[in-house]
Amino acid sequence: MATWSYDELLEKNRRFLWNPFTQMKGYLEDEPLIIERGEGVKLYDVRGRAYYDGNASVWLNVHGHGHPKLNAAIREQLDQVAHSTLLGMSSVPALLLAEKLVQLTPERLQKVFYSDSGAEAVEIGLKMAYQYWKLRGRPEKQVFISMKNAYHGDTVGAVSVGGMDTFHATFSGMLFPTLKVSYPYPYRFDGSPEACRQACLDELAGVLAEHGDKVAGLIVEPMVQGAGGMIMMPPGTLAEIEKLCRAHKVLLLIDEVATGFGRTGRMFACEHEAVQPDIMMVGKKLTGGYLPVAATLTSDEVYDAFYGEHHEGKTFYHGHSYTGNQLGCAVALANLALYEEERVLEHVAKASQLLAELLEPMKALPHVGEVRQLGLMVGIELVKDKVTKEPYPWEEAIGARVCRRARELGLITRPLDHVVTFMPPLATPFADLQAMVGILEQAIREGTA
């Protein structure tokens, strides 16, 4: 492999590459990172500098970079076949992984439909729910309820059920209409967390009472609204949402793309309240952060509505070229085996407790409004005035400033506007976790000074 200097690679970035979620002008003026390799919980750039991977490569990585068993699983599968289609046929890794996913997920979920990303998994779930009601003789049920400030991906359907104006407002003319309700945000609510929870549930109950006969499904991020600012649901909210959906015969779609596979301390966030979704979307950590495989799981009840003779026209016409890719499914199987072999969820439980202790002093910093944590999912909301909770003006880009300082100190993470996130690989050793939080605290102190 050719060796390139940083300046040569930066010039290639200027000439050829458009980075996602990135204002290219500022990016190219700011000595961007160009990663060359990874080892454990660290990434190394082309200049040889090491950085802690404090956002698990956008919430994906589980066991660290370069795990020998995951590497071996891909090599072993590569000796068999790299890819063949699932359209009208199947493959060994896709079948074995589907079986494993059904075993791991809530009991109601019995069928697996593969895709390549979380956004695609959401699109599939929406289309399944929409067609399901047509096949059940209820074509009027075609509206979706989604949450304000939600994020479900960047494809058109996923954006339609999203609610983040910064990301989505530009495309409003392309989107289908949805009914939006409030996701509980206790820090920004004038009252107790319990009152916030009840106000949001009352709002949802009112929307369902008025429109329930036309609603196909409700989609929600369970327990934590991720890209919206790491906003944590008060206990009991998700279970009550499920009850309201059941009462109004509305399908419950749970987006576990960010929260699934142990990030919140349970294998899936809906397990915190024993919720049984009709449709669930997973991705990100499914392959341990190695390859793009996602899945939409659903109940036999939904699946059976599509089951019939060719002339009945019940086929679900959706698919992707790399759906169920063998390399991806093979490494996903190895990844899930490591969860058991290396007791990942037990480690997350202990690491979460340590992390809570490490984060406690950060709450006293003058510009930290709130520290939110569930498992190894953390959001630190920065405010201009701690007493009044006055936010920083968007133009100040306070989150980006803090994350820039963290990078200078050796930690990579990303802001959500004025909320700094911290999402380390699940298997992060305790000493590394302590070092990461120390860097983060210093970056907040100096970035808000």
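All residue numbers refer to position in the chain's written sequence, counted from 1. Where totals are concerned, whole chains, interfaces and linings use all residues; where local detail is concerned, this predicted model gives features only for residues with pLDDT of at least 70, and gives and counts side-chain atom pairs only at 80 or more. No hydrogens and no water enter the side-chain calculation; it runs on all heavy atoms of the structure.

## With respect to the environment of A435
Phase 1 of the analysis: Numbering of helices and strands runs from the N terminus; a helix is a DSSP stretch of H or I covering at least four residues, while a strand is a stretch of E covering at least two. Its location among the elements puts A435 in helix α15 (residues 430-447).
Phase 2 of the analysis: Measuring from C-alpha to C-alpha, the distance between A435 and M362 comes to 14 Å, with 73 residues separating the pair along the chain.

## Some points on the UniProt feature "binding site: substrate" (unreviewed entry) in the protein chain
Phase 1 of the analysis: UniProt positions are given in the numbering used here, feature names are shortened, and annotations may be inferred rather than shown by experiment. UniProt tags Y151, K284, G319 and R414 as "binding site: substrate" (unreviewed entry). Across 264 residues of sequence, these annotated residues are also dispersed in space, with a maximum C-alpha separation of 32.0 Å. Considered against the second largest pocket, the annotated residues that line it turn out to be G319.
Phase 2 of the analysis: One can find Y151 in the loop between β5 (143-147) and α7 (156-160). Cavities and pockets were defined on a 1 Å grid built from protein atoms only: a cavity is a group of points that admits a 1.4 Å probe but offers it no way out, a pocket is an open group of points flanked by protein on both sides within 12 Å along at least five of seven lines, and a lining residue is one with an atom within 4 Å of any such point.

## Details of the UniProt feature "modified residue: N6-(pyridoxal phosphate)lysine" (unreviewed entry) in the protein chain
Phase 1 of the analysis: The positions that UniProt labels "modified residue: N6-(pyridoxal phosphate)lysine" (unreviewed entry) are, in the present scheme, K284.
Phase 2 of the analysis: Within the element layout of this structure, K284 appears in the loop between β11 (279-282) and β12 (294-299).
Phase 3 of the analysis: You can call K284 partly exposed: its relative accessible area is 23%.
Phase 4 of the analysis: Once residues lying within four places of it in the same chain are set aside, the contact partners of K284 are V58, W59, L60, V257, A258 and G289.
Phase 5 of the analysis: Whenever two N or O atoms come within 3.5 Å, that pair is a polar contact, provided that in protein one can donate a hydrogen and the other can accept it, and provided that, for residues adjacent in sequence, both atoms are side-chain atoms. A distance of 3.3 Å separates the side chain of K284 from the backbone oxygen of V58, its partner in a polar contact. Per-residue accessibility, obtained with a 1.4 Å probe over protein chains only, is compared with the maximum for each type, and a residue is labelled buried under 20%, exposed over 50%, and partly exposed between these values. Any two residues whose heavy atoms approach within 4.5 Å are treated as being in contact.

## Section: the pairing of strand β13 (residues 368-374)
Phase 1 of the analysis: As paired elements, β13 and strand β14 (residues 377-385) share 6 bridges and run antiparallel to each other. Its bridge partner being in β14, Q373 is matched across the sheet by V378.
Phase 2 of the analysis: Here β13 folds back onto β14, and the loop between the two strands holds 2 residues, one of which, G375, carries a positive phi near 65°. By definition, two strands form a pair when at least two bridges between them are found by DSSP.

## Details of the pairing of β14
Phase 1 of the analysis: The element β14 is extensively covered by neighbouring structure, given that 7 of its 9 residues are classed as buried.
Phase 2 of the analysis: By the bridge criterion, 4 bridges tie β14 to strand β18 (residues 419-422) in an arrangement that is antiparallel. Bridge pairing in β18 places I380 opposite V420.
Phase 3 of the analysis: The pairing of β14 with strand β15 (residues 390-391) spans 2 bridges and is classified as antiparallel.

## Re the layout of surface pockets
Which parts of space are left empty comes out when a probe the size of a water molecule is rolled across the atoms.
Phase 1 of the analysis: In this structure, the second largest pocket spans a volume of roughly 890 Å³.
Phase 2 of the analysis: If you go around the second largest pocket, you meet 30 residues; those closest to its centre are L86, V112, F113, Y303 and F316.
Phase 3 of the analysis: Looking at the lining of the second largest pocket, the elements that each hand over two or more residues are α5 (92-104), β4 (109-115), β12 and α11 (300-305).
Phase 4 of the analysis: The leading source of residues in the lining of the second largest pocket is β4, at 5 residues. Grid points are joined across faces, edges and corners, and a volume is the space filled by probe spheres set on the points.

## Focus on the sheet that holds strand β2 (residues 42-45)
Phase 1 of the analysis: Spatial strand order, β1-β2-β3-β16: 4 strands in an open sheet with mixed pairing. Two strands close off the open sheet at either side, each with one partner strand: β1 (35-39) and β16 (411-412).
Phase 2 of the analysis: Across 2 bridges, the pairing between strand β3 (residues 50-53) and β16 is parallel. Bridge pairing in β16 links D53 to I412.
Phase 3 of the analysis: Sitting on the sheet, α15 is in contact with β3 and β16, with an inclination near 100° to β3. Each axis is a line fitted through C-alpha atoms, and for a helix only the stretch in contact is used; angles between axes span 0 to 180 degrees, taken between their N-to-C directions.

## What about a nonpolar patch on the surface?
Phase 1 of the analysis: Any residue with relative accessible area above 30% and no salt bridge may belong to a patch, with like charges joined within 9 Å and the nonpolar Val, Leu, Ile, Met, Phe, Trp and Tyr side chains within 5 Å. Where accessible areas are quoted, they stem from the Shrake-Rupley method and a 1.4 Å probe; at the residue level, only the protein chains shown are allowed to cover. When a carboxyl oxygen of Asp or Glu is within 4 Å of a side-chain nitrogen of Lys or Arg, the pair counts as a salt bridge. On the surface, V156, F171 and M174 cluster together to form a nonpolar patch covering roughly 280 Å² of accessible area.
Phase 2 of the analysis: By secondary structure assignment, the location of M174 is in the loop between α8 (165-168) and β6 (179-181).

## Topic: the pattern of salt bridges
Phase 1 of the analysis: For the structure on display, the rule yields 25 salt bridges.
Phase 2 of the analysis: A salt bridge links D30 to R404, with the shortest nitrogen-to-oxygen separation between them at 2.9 Å. With D30 in the loop between α2 (24-29) and β1 and R404 in helix α14 (residues 398-409), this pair connects stretches of sequence that are 374 residues apart.
Phase 3 of the analysis: Classification of D30 as partly exposed rests on a relative accessible area of 30%.
Phase 4 of the analysis: With a shortest N-O distance of 3.1 Å, K384 and E396 are connected by a salt bridge. Here the residue K384 occupies a position in strand β14, and E396 occupies one in the loop between β15 and α14, the gap between them amounting to 12 residues.
Phase 5 of the analysis: Accessibility expressed as a relative area gives 38% for K384, which makes it partly exposed.

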